[in-house]
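# Residue-level structural notes
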Amino acid sequence: MKKLLSVAGAALLTVLAAVFAFGQPAHAAAGFSVANGRLYDANGTEFVMRGVNHAHTWYPQQTTSFANVKALGANTVRVVLASGDRWAKNSAADVANVISLCRANRLICVLEVHDTTGYGEQSGAITLDRAVDYWLSIASALQGQEKYVIVNIGNEPYGNQGYGTWATDTANAVKRLRAGGLTHTIMVDAPNWGQDWSFTMRDNAGTVFAADPQKNTVFSIHMYGVFDTAAEITDYLGRFRTAGLPIVVGEFGFNHSDGNPDEDTILAYSQANGIGYLGWSWSGNGGGVEYLDMATNFDPNQLTSWGQRIFNGANGIRATAREASVFAGTSPSPTTSPSPTTSPSGGPTPPPAGCTASYTIVNSWQGGFQGEVKVTAGAAAITGWTTRWTFANGQTVSQSWNAAVSNSGSAYTARNVDWNGRLGAGASTSFGFIGSWNGANAIPAVTCTAS
């Protein structure tokens, strides 16, 4: 739940940006890991969060919400929990059940403690250190779930007062979790009610990341009224990308009491730059921000305008989400070159160039579907690719991403864009699209030509 900024005008402070220049070794983890500013699942496949927040601790009976947000295309759900300090404690058994619901619905669980919200300004809010006590008390529910769970230490851990110790307190909290045996990817929220208008997280993220013995920390910015222009959004997120530090938009809305966030830029920039986002929130908002409900009364058949926007709009969840590969039961394609073939005389022959393509229906609903084509280079590196297929049932493509798609009737052609044409031997990339269908939606054969 969000709170109005108490600083007059909510103006962004003008401070010098810190430039973080250090390498990030990949962490060999049993679950998620971070390398070069990107998040990878346990199979080593990059994972980009596309999902929503769900207020489980206040609505524990709404367990069908997990299946409902999955059916709308989400790959992640950020789950509100309580330590027992401000709201009734979610026990280890309850958290284990939440994780099982996420796994059953093939969703990645981001678990957060909400009792830290607005510490230093909000009465009753707890410290990050106290939040760590909670995580360690329910460690039995978390251990062994590293492939499916990300631990978000505390929601919006400072208000607009006393946030100067955010970096030290956050680093110490991460180190305590590691000392307590948690090897999960850890997510940390910004101060200033999550919006970091003081740039405290932005300018100290490198120090906090370095303090994690496993180098497996992700930063979360919450975007509401502070982020009401495209320039503010792209500058903030872009600095993390440039620094090689992992960033997600852990909460955002289409409107708020502290201003009107630019949700179109949040969605578009996140999609273009492989940045995860988690909208606030599925249902059950109160305190004057009921308009942030995506579904009325938790009913997926009653999506609000905000729900329609984030799930079905441009750069929204349905169009861009990809399920974590850990749910597929298969490892990603190899990224190393196969051994060269040999001729009967024993001398090596150069491996052939080329590529293959596979077509998958990611999601389907009445009259529409989300498709994905995976392109894999052959035994030699390629500099570009073109895929072709013909729909047999009158399907049409209305929008696409990560490829230039054209058609002549039912015959479609998709060519690489600037950033995904070059593939090493055995390496893969993918592009997606939204299509329509009526009556049948057969999977066509796809050909691939390399250049």
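Let me begin by describing the structure that accompanies this report.

Conventions and cut-offs
- For every chain, the first residue of its written sequence is number 1, and the numbers climb from 1 along that sequence.
- Per-residue local features of the predicted model are confined to residues with pLDDT of at least 70, and side-chain atom pairs are confined, for both listing and counting, to 80 or more; whole-chain, interface and lining totals are unaffected and use all residues.
- Water and hydrogen atoms were dropped before computing side-chain values, which therefore reflect all heavy atoms in the structure.
- Each helix is a run of DSSP H or I of at least 4 residues and each strand a run of E of at least 2, with the numbering of both proceeding from the N terminus.
- Only protein chains enter the area calculation, which uses a 1.4 Å probe; residues under 20% of their type maximum are buried, those over 50% are exposed, and those in between are partly exposed.
- The contact criterion used is simple: two residues touch if any of their non-hydrogen atoms lie within 4.5 Å.
- All accessible areas in this document rest on Shrake-Rupley with a 1.4 Å probe, and a residue is counted as covered only by the protein chains that are shown.
- Each Phe, Tyr or Trp ring, with Trp reduced to its six-membered ring, pairs with another whose centre is within 6.5 Å; inter-plane angles below 30 degrees give stacked pairs, above 60 give edge-to-face pairs, and intermediate values give tilted ones.
- By definition here, charges over rings are those cases where NZ of Lys or CZ of Arg is within 6 Å of the ring centre and within 35 degrees of the ring normal.
- Two strands qualify as a pair provided DSSP detects at least 2 bridges between them.
- All axes are obtained by fitting lines to C-alpha atoms, using only the stretch in contact for helices, and the reported angles, taken between N-to-C directions, cover 0 to 180 degrees.
- The distinction between a cavity and a pocket rests on a 1 Å grid over the protein atoms alone: a 1.4 Å probe fits inside a cavity but cannot get out, while a pocket stays open yet meets protein on both sides within 12 Å along at least five of seven lines, and a residue with an atom within 4 Å of a point counts as lining.
- Grid points are joined across faces, edges and corners, and a volume is the space filled by probe spheres set on the points.
- Lys, Arg, Asp and Glu make up the charged group, whereas Ala, Val, Leu, Ile, Met, Phe, Trp, Tyr, Cys and Pro make up the nonpolar group; the residues left over, Gly among them, are polar.
- Helix crossings are classified by the rotation of the near helix relative to the far one: an anticlockwise turn of less than a right angle makes the crossing left-handed, while a clockwise turn makes it right-handed.
- Throughout this description, the term nonpolar core refers to a set of buried Ala, Val, Leu, Ile, Met, Phe, Trp, Tyr and Cys residues connected via side-chain atoms within 4.5 Å.

The next thing to look at is the overall build of the protein chain. Summing up its helical and strand segments, the protein chain has 10 helices and 18 strands in all. Counting all 451 residues of the protein chain, 54% fall into the buried class. Pairs at least 24 residues apart make up 76% of the contacts formed inside the protein chain by residues separated by at least 6 positions. Split by element, the accessible area of the protein chain, about 17300 Å² in all, is 51% carbon and sulfur.

Here the focus is the packing of aromatic side chains. Applying the stated criterion across every chain, the model contains 25 aromatic pairs. Taken together, Tyr359, Phe369, Trp385, Trp389, Phe391, Tyr412, Phe431 and Phe433 form an aromatic cluster joined through their ring pairs. Lying over the aromatic face of Phe199, Arg202 brings its terminal NZ or CZ to 3.8 Å of the ring centre. Above the ring of Trp365, the side-chain terminus of Arg318 is found at 4.2 Å from the ring centroid.

Time to look at unusual backbone geometry. Looking along the chain, the bond that leaves Trp280 and enters Ser281 is cis, with omega of -15°. Within the secondary structure layout, Ser281 lies in the loop between strand 10 (276–279) and helix 9 (305–312). Backbone geometry places Asn192, a non-glycine residue, at a positive phi of 60°. Among the secondary structure elements, Asn192 is positioned in the loop between strand 7 (186–189) and helix 6 (200–211). In this structure, Asp196 is a non-glycine residue whose phi angle is positive, near 50°.

The next thing to look at is the sheet that holds strand 7. As summarised here, the arrangement of the eight strands in space is 3-4-5-6-7-8-9-10, forming a closed barrel in which the pairing is parallel. The mean angle between the axes of side-by-side strands here comes to 25°, regardless of whether they run parallel or antiparallel. With six bridges connecting them, strand 4 (residues 76–81) and strand 5 (residues 108–113) associate as parallel partners. Along strand 5, the bridge assignment pairs Thr76 with Ile108. Relative to strand 5, helix 2 (residues 92–104) is tilted by about 150°, and along the sheet it contacts strand 4, strand 5 and strand 6 (149–152). Along the sheet, helix 6 makes contact with strand 7, strand 8 (217–223) and strand 9 (247–252), crossing strand 8 at roughly 165°.

Our focus in this paragraph is the sheet that holds strand 13 (residues 385–390). Read from one edge to the other, the open sheet built from four strands follows the order 15-16-13-18, with strand pairing classed as antiparallel. With partners counted over all chains shown, the strands left at the sheet margins are strand 15 (404–408) and strand 18 (447–450), one partner each. Neighbour-to-neighbour, the strand axes of this sheet turn through a mean angle of 20°, independent of strand direction.

Attention now moves to empty space enclosed by the protein. With the rule as written, the count across this model stands at one cavity of 30 Å³ or more. Computed from the structure, the largest cavity encloses a volume of approximately 100 Å³. Considering the residues around the largest cavity, the lining is formed by 15 residues, among which Leu39, Phe47, Ile247, Val248 and Gly274 are closest to the centre. Sorting the residues of the lining of the largest cavity by element identifies strand 2 (38–40) and strand 9 as the ones contributing at least two each. In the lining of the largest cavity, the residues fall into nine nonpolar, three polar and three charged.

The interhelical angle for the contact between helix 7 (residues 230–243) and helix 8 (residues 263–272), taken along N-to-C directions, is 35°, at an axis separation of 9 Å. As for the relative orientation of helix 7 and helix 8, their crossing is right-handed in sense. On helix 8, the residues that touch Ala230, Ile233, Thr234, Leu237 and Gly238 of helix 7 are Thr265, Ile266, Tyr269 and Ser270. Taken together, the residues of the contact of helix 7 with helix 8 sort by class into five nonpolar, four polar and no charged.

Most often, soluble globular proteins keep nonpolar side chains buried together rather than apart. Counting residues in each nonpolar core, the largest one holds 96 residues, and the members touching the most others are Leu111, Trp135, Ile153 and Phe219. When residues no more than four places from it in sequence are discounted, the contact partners of Phe219 are Trp166, Val188, Met201, Ala205, Val208, Phe209, Phe240, Leu245, Pro246, Ile247 and Val248.

Looking now at helix 9. Listing the buried residues of helix 9 in full gives Trp306, Gly307, Arg309, Ile310 and Phe311. Contacts made by the buried residues of helix 9 are with strand 3 (50–54), helix 1 (65–71), strand 9, helix 8, strand 10 and helix 10 (317–320).

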